[in-house]
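Given next are the chains, with one letter for each unit.
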Amino acid sequence: MQSIPVMISGISYSVPKTIVTNDEIATLVDTSDEWIKTRTGIEERRVVSGGETSVTIGIEAAQKLIKNRNINPKEIDLIISATSIPSKAYPAVACEIQAAIEADNAVAFDITAACSGLIYAMSIAKAYISSGTYKKVLLIMTDANSKFVDWTDRRVCCIFGDGAGAMLLEPSKDGEDDIIQIDLTTIGKLGDYISLEITGKNCPLAERNEEKPLYIHMEGREVYKFVMTIMPEKIGETLKRAKLKESDIDYFIPHQANLRIIDALSERLGFTKEKVIVNIQKYGNTSAASIAIAITEGIQNGKIKLPCTALLTGFGAGMTCGNAIVKLREGIV
Ligand code: UT7
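Residues numbered from 1 in each chain as written. Predicted model: local features only at pLDDT ≥ 70, side-chain atom pairs only at ≥ 80, totals over all residues. Heavy atoms only, no water.

1. Comments concerning the pattern of salt bridges
- Enumeration according to the criterion identifies 18 salt bridges in this entry.
- Its salt-bridge partner being Glu 237, residue Lys 234 comes within 3.7 Å of it at the nearest N-O pair. In this pair, Lys 234 and Glu 237 both sit in helix 7 (residues 220–241), three residues apart, roughly one turn of the helix.
- On the accessibility criterion, Glu 237 (26% relative accessible area) is partly exposed.
- Through salt bridges with shared partners, a single ionic network connects Glu 75, Lys 136, Glu 170 and Lys 173. (Salt bridge = Lys/Arg side-chain N within 4 Å of Asp/Glu carboxyl O. Helix = DSSP H or I, 4+ residues; strand = E, 2+ residues; numbered from the N terminus. Buried < 20%, exposed > 50% of the residue type's maximum accessible area, 1.4 Å probe, protein only.)

2. Let's talk about the sheet that holds strand 8 (residues 179–186)
- Spatial ordering of the open sheet is given by 8-13-12-11, a layout of four strands whose pairing is mixed. Across the chains shown, the open sheet's two edge strands, defined by having one partner strand only, are strand 8 and strand 11 (251–254). Ignoring strand direction, the axes of neighbouring strands in this sheet form an average angle of 15°.
- Seen against the sheet, helix 8 (residues 259–269) touches strand 11 and strand 12 (308–316) and runs at an angle of roughly 145° to strand 11. (Pairing = 2+ DSSP bridges. Axes fitted to C-alpha atoms, helices over the stretch in contact; angles between N-to-C directions. Contact = heavy atoms within 4.5 Å.)

3. Examining helix 8
- Listed as buried for helix 8 are Ile 261, Ile 262, Leu 265, Ser 266 and Leu 269. An end-on view of helix 8 places all buried positions within 125° of arc, on one side of the element. Seen from the open side of helix 8, the exposed residues pointing more than 90 degrees away from its buried face are Glu 267 and Arg 268.
- Taking the backbone nitrogen of Arg 260 as reference, a side-chain oxygen 2.7 Å away marks Asn 258 as the first, capping residue of helix 8.
- Downstream of helix 8 by a residue or two, Gly 270 has a phi angle that is positive, lying close to 85°. (Arc of directions from axis to C-beta. Polar contact = N/O pair within 3.5 Å; in protein donor to acceptor, adjacent residues only side chain to side chain.)

Printed below as a string of C-alpha cells:
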C-alpha cells in the first residue's frame, strides 16, 4: 500500500495570563531569582488561575489555530491530546476539546508521554494519515503543571510552567512529506525519575493502602544525567536514518526543560546559538506544550525563518524520548 505524505499545516499556542516571577517563588520557598536563573535559565512562568485548566488553555490553542488557518472544525477527523495533567481522569481532555470546538466528526483520545508528548502524538498522526485512515488530525499538547507542583518543594516548583500548543497535520498536497524522520524510545524501568502517583483509597472492605500526596515527584539530577547520556546518541541515530547531518538542520528546537540541558545538548551536537530556539526564560518547563510554543513564538518573532528544516527533541516522564526531523512551511502560523 502506498504511504500518503504528511503536511504540517498549522501550529499555535496559548499560555495563561498569570505570570509568576522567580522573586515571587522566593516568597514561597528558600530560593532566589539568582539561583533559579543560573541553574535553569527561567525568569518567569505562566500558571493557570481561577477555573483555568489544561482543557481551557488547550481549547484556546485549538481555537487560535482554527481561526488563523481558517479551518472548519467539522472537517477534523481526529484529535489527540498529549497531556499528563488532565483536569479529569475521564472524559479525556481531547473529548472535552472536541465538544468545545464543535469538531463533532472527530474521534478524540489522549496520550500520556509527558514532555515527549508532541513527538509521540506526531508519530501517531503520521501513521493514521499515511495509511489513509484519517485526513485532518489536530494535536493538542497541554499541561497545567502548577496544579500538581508541591509549592513547598524548591527542587521542583521553580522549573514548571503551564501552557498549551496545537498542531494540525493532513495529507500533503504537493507530495512532500514534512515529517522526514521520527523516532521514539521508552525506558519504563526509569519511570521513578519523574512521576505523579494517583494512589486513591482502597475499598473499605480491603486492606488499607498508603495514601500519598498528589504531587509531581522529580529526581532532577537523575533526569539531567539521563538526558545527557541518551539524547545525543538518539539524535545521532535519527539524523543517520534521515541521511542528514547536523549542518542540514536549520533549527534545533528541544523541549524547554532547563537552559543548562539545552546548552549542553546544543554544544555536544555542534549547533550554534542562532540555530537553537529557546524561550524557557518566559515560560519555564511547560512539558508537552513546550516545543509547539517554541516553534510558534519563534516563527512569530522572526527567529525561525520559513521554510526550514527543524530537529525537534522531546524527553520526559516515562522515561520517554523522541526526535523528529520536520519541514516547517511558510504560512503555518
Ligand atoms: O521536563 C523534563 C523533566 N525535567 C527535567 O528535565 C529537569 C531536569 N533537571 C533540572 O532541571 C535540575 O536538576 C533542577 C533545576 C531541577 C535542579 O538543579 P540541580 O542543579 O540538579 O540541583 P540539585 O537538585 O542537585 O540540588 C543541588 C542543591 C541542593 O542543596 P544541597 O543538598 O546541595 O544543600 C538543593 O537543595 O541545590 C538545592 N536546590 C535549590 N536551592 C535553591 C534545589 N532547588 C533549589 C532552589 N533554590 N530552587
